[in-house]
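Chain by chain, the residues:
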Amino acid sequence: MVGYDPGSKGAALAPEDAALSGSAAGMVTRALISPLDVIKIRFQLQIERVSSRNPEGKYWGLFQASRCILAEEGLPAFWKGHVPAQLLSVCFGAVQFASFEFLTEMTHKSTAYDSQTAGVHFVCGGLAACSATVACQPLDTLRTRFAAQGEPKVYGSLRHAVSTMYRTEGALGFYRGLGPTLVAVFPYAGLQFFFYKVLKNLMGPPPKDSNVGGNLRSLVCGSCAGVISKTMTYPFDLIKKRLQVGGFEEARVHFGQVRKYGGFVDCVSQIAREEGLRGFLKGLSPSLVKAAVSTGFTFFWYEFFLNAIQNLKGSQ
């Protein structure tokens, strides 16, 4: 069960259990969805129009981009930035789910609201994601830079990237795009938890004698929740990625045109003026595929590991 459940018959969920389950879920999910994430970021950073009918940029289709990256950079390219991405997923999952469990429990005990309502899940999910974002933003920036660079590489290793960024951009360079990230992450995560709760309620309880049924419901509900929430908040994710690669233009030259943005408002105005409304939706297709797989597996593995921990404690 995701969120504090006052009617639970088992022992109360400890914060460390939620953190451990969340980090494990993030780790497993990240390894599975990394190729989709790399392709999505490449589309998001492309200035030229994404169109299969009149291709102008380097990438114009999901399968075309996959073939292009594979031919030019090899199979490992789909896991570029995987180390910072894994650190990000482990850290984000731990902070987000531990915060969510804490916030739902505090809401239930300190207010008149029921912790298992979809509205409470929306607010607590959004706040939990904001907490995780602030804690993990440097890792997200590093992940984006690694996924964005081509060959030859600008950053040879995680240590090299950290030292170079700190020397040339200062500590604030690791928090590029934090503003639009926070603006986007609250409704995105809030809607994930909201629709996950709504959809699970609509599907009804799983068979009592079947763990498979419960796990499958988590996967399906998580996937649907991920697609809905990503569609509603996608432009903010694109803007965040554009801002995160500021000062990194030399690594993007051979991919096509590059732009420098003075901030959130300047980024929005430039995209609208040069790329039109469709510019805010570049990379939406791989992003939706990624959101379905990522969110579905995150909730699936979270509940899987949580049940495993509780069963292990119950057998002791």
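Thresholds, definitions, all that
For every chain, the first residue of its written sequence is number 1, and the numbers climb from 1 along that sequence. Local features in a predicted model are, by the rule used here, given only for residues with pLDDT of at least 70; side-chain atom pairs are given and counted only at 80 or more, and totals for whole chains, interfaces and linings are based on all residues. Just so you know, side-chain values use all the structure's heavy atoms and leave hydrogens and water out. UniProt positions are given in the numbering used here, feature names are shortened, and annotations may be inferred rather than shown by experiment. Each helix is a run of H or I in the DSSP string that is no shorter than four residues. Each strand is a run of E no shorter than two, and both are numbered from the N terminus. Exposed residues in this analysis have more than 50% of their type's maximum accessible area, buried residues have under 20%, and partly exposed residues fall in between, with area computed by a 1.4 Å probe over protein chains only. The contact criterion used is simple: two residues touch if any of their non-hydrogen atoms lie within 4.5 Å. Under the rule applied, a polar contact is a pair of N or O atoms within 3.5 Å (in protein, one hydrogen donor and one hydrogen acceptor; residues adjacent in sequence only if both atoms are side-chain atoms). Expected helix span is taken as 1.5 Å per residue step, with the number of steps being one fewer than the number of residues. Arc, as used here, means the arc of the directions from the helix axis to the C-beta atoms. Centres within 6.5 Å make a pair out of two Phe, Tyr or Trp rings, where for Trp the six-membered ring is used; the pair is then stacked when the planes are under 30 degrees apart, edge-to-face when over 60, and tilted otherwise. Bend is the name given here to the angle between axes fitted to two runs of seven residues, the run ending at a residue and the run starting at it.

As annotated in an unreviewed UniProt entry, the protein chain carries the name Mitochondrial thiamine pyrophosphate carrier and is attributed to Oncorhynchus tshawytscha. Within the UniProt record for the protein chain, the comment given under Subcellular location (unreviewed entry) is "Mitochondrion membrane". The annotation that UniProt attaches to the protein chain under Function (unreviewed entry) is "Mitochondrial transporter mediating uptake of thiamine diphosphate into mitochondria. It is not clear if the antiporter activity is affected by the membrane potential or by the proton electrochemical gradient."

(A) Structural context of the environment of lysine 200. Examined against the element boundaries, lysine 200 turns out to sit in helix α6 (residues 178–203). The class for lysine 200 is buried, based on a relative accessible area of 15%. Sequence separation between lysine 200 and serine 218 is 18 residues; the distance between their C-alpha atoms is 7.5 Å. Ignoring anything within four residues of it in the chain, the contact list for lysine 200 reads Arg217, Ser218, Cys221 and Glu303. In this structure the side chain of lysine 200 is engaged in a polar contact, spanning 3.1 Å, whose partner is the side chain of glutamate 303.

(B) Broad picture of helix α2 (residues 62–73). The terminal C-alpha atoms of α2 lie 16 Å apart, and with 12 residues this matches the ideal 16 Å at 1.5 Å per residue to within 8%. Among all positions in α2, only Gln64, Ala65, Cys68, Ile69 and Glu73 are buried. For α2, the angular spread of buried residues about the axis comes to 130°, placing them on one side. Those residues of α2 that are exposed and aimed more than 90 degrees away from the buried face are Phe63, Arg67 and Ala71. Trailing α2 by a residue or two, glycine 74 shows a phi angle of about 85°, which is positive.

(C) Summary view of the packing of aromatic side chains. If you walk through the whole model with that rule in mind, you get 17 aromatic pairs. A centroid spacing of 6.0 Å and a plane angle of 65° characterise the contact between phenylalanine 97 and phenylalanine 193, whose relative ring orientation is edge-to-face. Here phenylalanine 193 lies in helix α6 and phenylalanine 97 lies in helix α3 (residues 82–110), a separation of 96 residues in the sequence. Classification of phenylalanine 97 by relative accessible area gives buried; the value is 2%. Relative accessible area serves as the criterion here: at 2%, phenylalanine 193 is assigned to the buried category. Aromatic pair phenylalanine 300 and phenylalanine 304: ring centres 6.4 Å apart, planes at 10°, arrangement stacked. With a gap of four residues between them, phenylalanine 300 and phenylalanine 304 both fall in helix α9 (residues 284–315), about one helical turn apart. The class of phenylalanine 304 is partly exposed, set by a relative accessible area of 35%. One aromatic cluster in this structure is built from Phe97, Phe100, Phe193, Tyr196, Phe299 and Tyr302.

(D) Geometry of helix α1 (residues 15–45). The end-to-end C-alpha distance of α1, which contains 31 residues, comes to just 38 Å, noticeably less than the 45 Å that a straight helix rising 1.5 Å per residue would cover. Isoleucine 33 marks where α1 bends most, by close to 60°; the proline proline 35 follows one to four residues later. Across the 31 residues of α1, 23 count as buried, placing the element largely inside the fold.

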